[in-house]
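Okay, here's what each chain looks like letter by letter:
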Amino acid sequence: MIAVTVLLALLAALSNASASVLQRRAAVQESDEGTGARAALRRLTHLLRRPNWLAGTGLLALSSVLQGGALATGSLSLVQPLLAAELLFTLVVGSVVFRRAPDRRTWLAFAALAVGLALFLVAASPSAGQPTASPRSWLVGGGGVLGVVVLLVAAARPTRGAARAALLGLASAVSFATTAALLKEAVGRLAHRPDAMFGHWALYATGAVGLVAFLLLQSALGAGSLTASQPALTLGDAITSVVLGWVLFDEVIHLGLRVIPEVIGIGLIGAGSLGLAGASAEGQEWDTHVRDRRDGGTRHTNRAHR
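Residues numbered from 1 in each chain as written. Predicted model: local features only at pLDDT ≥ 70, side-chain atom pairs only at ≥ 80, totals over all residues. Heavy atoms only, no water.

Draft legend 1. Representation of the layout of surface pockets within the structure. By volume, the second largest pocket is sized at about 500 Å³. As for the second largest pocket, its lining consists of 27 residues, of which Asn-16, Leu-60, Ser-64, Gln-67 and Phe-176 are closest to the centre. Residue assignment for the lining of the second largest pocket shows that the elements contributing at least two residues are helix H1 (2-27), helix H3 (51-73), helix H4 (76-83), helix H8 (161-188), helix H9 (201-223) and helix H10 (226-249). Per-element tally for the lining of the second largest pocket: the top contributor is H3, with six residues. A class-by-class count of the residues in the lining of the second largest pocket yields 14 nonpolar, 11 polar and two charged. (1 Å grid on protein atoms, 1.4 Å probe; cavity = no way out; pocket = protein on both sides within 12 Å on 5 of 7 lines; lining within 4 Å. Points joined across faces, edges and corners; volume = space filled by probe spheres on them. Helix = DSSP H or I, 4+ residues; strand = E, 2+ residues; numbered from the N terminus. Nonpolar A, V, L, I, M, F, W, Y, C, P; charged D, E, K, R; others polar.)

Draft legend 2. Geometry of the environment of Trp-107. Relative to the elements of secondary structure, Trp-107 occurs in helix H6 (residues 104-124). Residues Trp-107 and Gly-272 lie 165 residues apart in sequence; the distance between their C-alpha atoms is 9.5 Å. Of the polar contacts made by the side chain of Trp-107, one reaches the backbone oxygen of Pro-102; its length is 3.4 Å. (Polar contact = N/O pair within 3.5 Å; in protein donor to acceptor, adjacent residues only side chain to side chain.)

Draft legend 3. Seen up close, H8. With 28 residues, H8 ought to run about 40 Å at 1.5 Å a step, and its terminal C-alpha atoms sit 40 Å apart, in line with that. In terms of residue burial, H8 counts as a mostly covered element, since 21 of its 28 residues are buried. (Expected span 1.5 Å × (residues − 1). Buried < 20%, exposed > 50% of the residue type's maximum accessible area, 1.4 Å probe, protein only.)

Draft legend 4. Expanded view of the packing of helix H7 (residues 135-156) against H8. Where H7 meets H8, the closest approach of the two axes is 8 Å, and the angle between their N-to-C directions is 160°. Relative to H8, the element H7 lies roughly antiparallel. Along this stretch, H7 crosses H8, giving a crossing that reads as left-handed. Side by side, H7 and H8 meet where Trp-138, Val-145, Val-148, Val-149, Leu-152, Val-153, Ala-155 and Ala-156 of the first sit next to Arg-164, Leu-167, Leu-168, Leu-170, Ala-171, Val-174, Ser-175, Thr-178, Ala-181, Leu-182 and Glu-185 of the second. Residue classes in the contact of H7 with H8 are distributed as 15 nonpolar, two polar and two charged. (Axes fitted to C-alpha atoms, helices over the stretch in contact; angles between N-to-C directions. Parallel < 35°, antiparallel > 145°, perpendicular 65-115°, else oblique. Left-handed = near helix turned anticlockwise from the far one by under 90°. Contact = heavy atoms within 4.5 Å.)

Draft legend 5. Inspection of unusual backbone geometry at higher detail. Even without being a glycine, Arg-99 presents a positive backbone phi close to 55°. Structurally, Arg-99 is set in the loop between helix H5 (86-97) and H6. Under the relative-accessibility criterion, Arg-99 is labelled partly exposed at 30%.

Draft legend 6. Seen up close, the packing of aromatic side chains. Tallied over the entire structure, the rule returns three aromatic pairs. Judged by centre distance (5.6 Å) and plane angle (85°), the ring pair of Trp-138 and Trp-201 falls under edge-to-face. Remark: Trp-201 occurs in helix H9 and Trp-138 occurs in helix H7; sequence separation between them is 63 residues. Judged by relative accessible area, Trp-201 falls into the partly exposed class, the value being 43%. Ring centres of Trp-138 and Phe-249 lie 6.5 Å apart, and the angle between their planes is 85°; on these two criteria the pair is classed as edge-to-face. With Trp-138 in helix H7 and Phe-249 in helix H10, the pair connects residues that are 111 residues apart, well separated along the chain. Both residues of the pair, Trp-138 and Phe-249, belong to the buried class. Here the aromatic residues Trp-138, Trp-201 and Phe-249 are joined through ring pairs into a cluster of three or more. Lying across the ring of Phe-249, Lys-184 places its NZ or CZ 5.9 Å from the centre. (Phe/Tyr/Trp six-rings, centres within 6.5 Å; stacked < 30°, edge-to-face > 60°. Lys NZ or Arg CZ within 6 Å of the ring centre and 35° of its normal.)

Draft legend 7. Examining the side chain of Thr-106 more closely. Locating Thr-106 in the fold gives a position in helix H6. A distance of 2.7 Å separates a polar atom in the side chain of Thr-106 from a polar atom in the side chain of Asp-103.

Structural data, given as structure tokens:
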């Protein structure tokens, strides 16, 4: 059963990374039409005509199914460290799609983030906890998540470029983690009886929160490079999942001697974050242009430099 969980989680990470790359590929080809609900709606209307964006949407849906399967056969503590592979998958798939490899600093930074996150989550190793949560726990957890997302979106409004992409990416990550928790709640109802899942509110809340997460993701991908948004997405999703696992499902983080690898993991995450900040400051963004197949040249977009 563990092998199935590992396979499903890695496939979910690959699918998620591919979705981000393809939708970022579509986003850089769109003109900057400002901010606000109308501008976002116009962008979405234009993106609906782009095959890359549609393919990315399909892969995002597939990733949700794969992650749901992984959560049905294993705990958050097993699934989330494996999903950290999404960071490295993003660079591999992005190198193919954008026909330009990220520089060495970006590779090292992403590797440090992925290894640090996986090390922290493996060392923390939250207990499996309960398959479902109480209504009171959902009230506390849901209220906290809503407040965090609102604050992040408000903070992103006056910003531009990498900062906006990171803040919106983090808001999307918190929403996706909540979607995963809701999905776990819904799937946990299957243990009672097969039809219990379809009669419970968690399944339909999963769709609603997932839609919010999806729209926030599109805003993040349109705001700036994957170098800014993808780490925020992956790290935010993992950390939020750990917190929700504790608040909702009574998953307890292990301390004691495990604090040492946990601190090392946090240090690697910090080093990776600093490396990405330096790369962004020097304009080393590898996914802000599209190479033309016909002449091997590079066609820059209006989002190349912010």
